[in-house]
Amino acid sequence: MNVTHNEGANRFEIETAAGIAVLEYMRDGDKVVMTHTAVPEAAEGRGVGSELARTALAWAREQGLRVHPVCPFVHGYVRKHAAEYRDLVGAV
């Protein structure tokens, strides 16, 4: 899967056969608020959302940003992989 960082739109994108999947965020100083993830229904269950989350979290780490996962999908992803992302979000 090829993830594109569309900085102008504040989102990460994956083009699927069913349409574009996105993870949207807002920057706030040294924090990034991950607000929404959407995957076309026909592309669900194929790891698209997880790839978006993994890429966005890696970007936040590279930028030295703290992460506030407002999006339920990202929150669940971080919770499932808590040990790997504790440095970005603290306790979830």
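Computed from a predicted structure; not experimentally measured.

Chemist: What should I look at first to understand the environment of A17 in this one?
Modeler: Here A17 is to be found in the loop between β2 (11-16) and β3 (19-28). In the structure, A17 is positioned 23 residues away from P40 in sequence and 9.2 Å away in space, judged by C-alpha atoms.

Chemist: I'm lost on the pairing of β2 in this one. Help?
Modeler: In the case of a regular strand, side chains alternate between the two sheet surfaces. Sheet topology places strand β1 (residues 3-6) next to β2; 4 bridges connect them, and they run antiparallel. Residue V3 lies in a different strand from β2, and its bridge partner there is I14. Between β1 and β2, which pair antiparallel one after the other, the connecting turn spans 4 residues, and N10 there sits at a positive phi close to 55°. Here 6 bridges tie β2 to β3, and the two strands are oriented antiparallel to one another. Note on β3: the bridge partner recorded for F12 is L23.

Chemist: Explain the side chain of E13 here, please?
Modeler: Mapped onto the elements of the fold, E13 is located in strand β2. Judged by its relative accessible area of 14%, E13 is buried. At a separation of 2.6 Å, a polar atom in the side chain of E13 contacts the side chain of R11. When residues no more than four places from it in sequence are discounted, the contact partners of E13 are N2, V3, T4, N6, I20, A21, V22 and L52.

Chemist: Teacher, can you tell me more about the pattern of salt bridges here?
Modeler: Charged atoms that come close allow side chains of opposite charge to pair. One pass over the structure, following the stated rule, counts 4 salt bridges. Between E13 and R11 there is a salt bridge, with the nearest N and O atoms lying 2.6 Å from each other. By relative accessible area, R11 is classed as partly exposed at 22%. K31 is the salt-bridge partner of D28, the closest N and O atoms lying 4.0 Å from each other. Since its relative accessible area comes to 30%, K31 is described here as partly exposed.

Criteria and thresholds
Residues numbered from 1 in each chain as written. Predicted model: local features only at pLDDT ≥ 70, side-chain atom pairs only at ≥ 80, totals over all residues. Heavy atoms only, no water. Helix = DSSP H or I, 4+ residues; strand = E, 2+ residues; numbered from the N terminus. Pairing = 2+ DSSP bridges. Buried < 20%, exposed > 50% of the residue type's maximum accessible area, 1.4 Å probe, protein only. Polar contact = N/O pair within 3.5 Å; in protein donor to acceptor, adjacent residues only side chain to side chain. Contact = heavy atoms within 4.5 Å. Salt bridge = Lys/Arg side-chain N within 4 Å of Asp/Glu carboxyl O.

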